[in-house]
Amino acid sequence: MTDKEPAVQRTAMDRRQFCAAGAASAVLVAAGGLGLWARDTADAVYLRPPGALDESHLLARCDRCQRCVQACPYDLVQPRPLSLDFPTVGTPELRFKDGYCDFCMKCVEVCPTGALSWDAPTIDDIGVAKVISDACVAWDWGGCTVCVDVCPVEGAITLDDRGRPIVHEALCDGCGLCEMECPAASLRAYDPSVTEKGIYVVSRQSEAAAMTGALTSAQLEAGRHLRADASPASEKGGSRE
């Protein structure tokens, strides 16, 4: 992986998002503190950097200082944008657009509040990759083995007897290299109903992670940010064809 530009030139929150995050934090403090609000808004989950214990813990401790964003040498750690889930605005989220996580731990090293800590289970296990059956080229036509070829963990992604990628979730550490390298968008005709990539990393706490096998695009979008135990009646099975 090539070196990136200096931290001051990398993407961070724009002024409007920064002000929104500050305003949200002020409202939460006035209403009784970040910790109190976090306990009431913990049904959503996001893909967090190494060292995040869980959503409630991170929301209660993160002060939106952006030090982890600036410290990441690969631009993976990005602030959550302005959204209806405003308690999360400005908190760190991983996006594997231009790089993947090599667990350098620079984000953990600079965190001043303990929102990212060395004793969290995510210190070496960020999440899990999920194949998206209606976006993955190998599931439609066969022949693509990019995710299998680039995976740095031996045996974490293999091919089934039909040449389709299968993620062995116990081995996957969620580094995101498969997601970054997936060429599905450049090989498929544009279809707004399917995801851009044929494989995505999701939080292990999410409904999407709890589903077995490959997922459809609709299942990914419905479950990637929903905590697994927040919707007990939801479908637990992914694509099995």
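Residues numbered from 1 in each chain as written. Predicted model: local features only at pLDDT ≥ 70, side-chain atom pairs only at ≥ 80, totals over all residues. Heavy atoms only, no water.

**Considerations on the overall build of the protein chain**
Then, in step 1: A count of helices and strands for the protein chain gives 11 helices and 6 strands.
Then, in step 2: Relative to its full complement of 241 residues, the protein chain shows a buried share of 49%.
Then, in step 3: Expressed as a percentage of contacts within the protein chain between residues at least 6 apart in sequence, the contacts between residues at least 24 apart total 67%.
Then, in step 4: A total of about 11900 Å² of accessible surface is found on the protein chain, and carbon and sulfur atoms cover 54% of it. (Helix = DSSP H or I, 4+ residues; strand = E, 2+ residues; numbered from the N terminus. Buried < 20%, exposed > 50% of the residue type's maximum accessible area, 1.4 Å probe, protein only. Contact = heavy atoms within 4.5 Å. Areas by Shrake-Rupley, 256 points an atom, 1.4 Å probe, with all protein chains shown as cover.)

**What to know about the pairing of strand β3 (residues 128-131)**
Then, in step 1: Residue alternation in β3 divides its side chains into two sets, V128 and K130 and A129 and V131, and both sets are buried.
Then, in step 2: Bridge count between β3 and strand β6 (residues 199-202): 4 bridges; the pairing is antiparallel. Its bridge partner lying in β6, V128 is registered against V202. (Pairing = 2+ DSSP bridges.)

**Some details on the nonpolar core**
Then, in step 1: Core analysis: the largest hydrophobic core is formed by 54 residues, its most contacted members being L116, V167 and I199.
Then, in step 2: For this core, the elements supplying multiple residues, two or more each, are α3 (55-61), α4 (67-71), α5 (106-110), β3, α6 (137-140), α8 (177-181), β6 and α10 (207-210).
Then, in step 3: If one sorts the elements of this core by residue count, β6 sits on top with 4 residues.
Then, in step 4: Among all residues touching V167, those that are not within four sequence positions of it are V128, A129, V131, A156, I157, C172 and I199. (Core = buried A, V, L, I, M, F, W, Y, C linked by side-chain atoms within 4.5 Å.)

**Quick look at unusual backbone geometry**
Negative phi values dominate among residues other than glycine, just as trans dominates among peptide bonds.
Then, in step 1: Phi is positive for D75, which is not a glycine, with a value near 60 degrees.
Then, in step 2: Relative to the elements of secondary structure, D75 occurs in the loop between α4 and β1 (77-79).
Then, in step 3: The backbone of F103 shows a phi angle near 60 degrees, a positive value even though the residue is not glycine.
Then, in step 4: Within the secondary structure layout, F103 lies in the loop between β2 (92-94) and α5.

**With respect to the side chain of S206**
Then, in step 1: Locating S206 in the fold gives a position in the loop between β6 and α10.
Then, in step 2: When its relative accessible area of 0% is taken as the criterion, S206 is described as buried.
Then, in step 3: At a separation of 3.1 Å, a polar atom in the side chain of S206 contacts the main-chain amide nitrogen of A209. (Polar contact = N/O pair within 3.5 Å; in protein donor to acceptor, adjacent residues only side chain to side chain.)

**What about the state of the cysteines?**
Then, in step 1: Here the structure, examined in full by the defined rule, presents 0 disulfides.
Then, in step 2: For the unlinked cysteine C72, the closest cysteine sulfur is that of C104, found at 6.3 Å. (Disulfide = S-S within 2.5 Å.)

**Quick look at the pattern of salt bridges**
Then, in step 1: Counted by the stated rule, this structure contains 9 salt bridges.
Then, in step 2: One salt bridge in this structure joins R188 and D140, with 3.0 Å as the shortest N-O distance. Of this pair, R188 sits in the loop between α9 (184-187) and β6 while D140 sits in helix α6; the two residues are 48 residues apart in sequence, bridging distant segments of the chain.
Then, in step 3: Here the residues in one salt-bridge network are R80, E93 and R95, joined through shared partners. (Salt bridge = Lys/Arg side-chain N within 4 Å of Asp/Glu carboxyl O.)

**Quick word on the environment of L116**
Then, in step 1: Relative to the helices and strands, L116 is located in the loop between α5 and β3.
Then, in step 2: Sequence separation of L116 and M105 is 11 residues, and the distance between their C-alpha atoms is 9.7 Å.
Then, in step 3: Apart from residues no more than four positions distant in its own chain, L116 is found in contact with P49, P50, G51, A52, L58, C68, C107, V108 and C111.

**As for the confidence of the model for the protein chain**
Then, in step 1: Mean pLDDT over the protein chain works out to 84, with 78% of the residues at or above the 70 mark.
Then, in step 2: Note that residues 1-13 has pLDDT below 50 and, in this model, 27 contacts with residues that lie over four places away or in other chains.
Then, in step 3: Here residues 36-40 is a poorly scored stretch, pLDDT under 50, and it has 7 contacts once near neighbours within four places are set aside; other chains count. (pLDDT = per-residue confidence, 0-100.)

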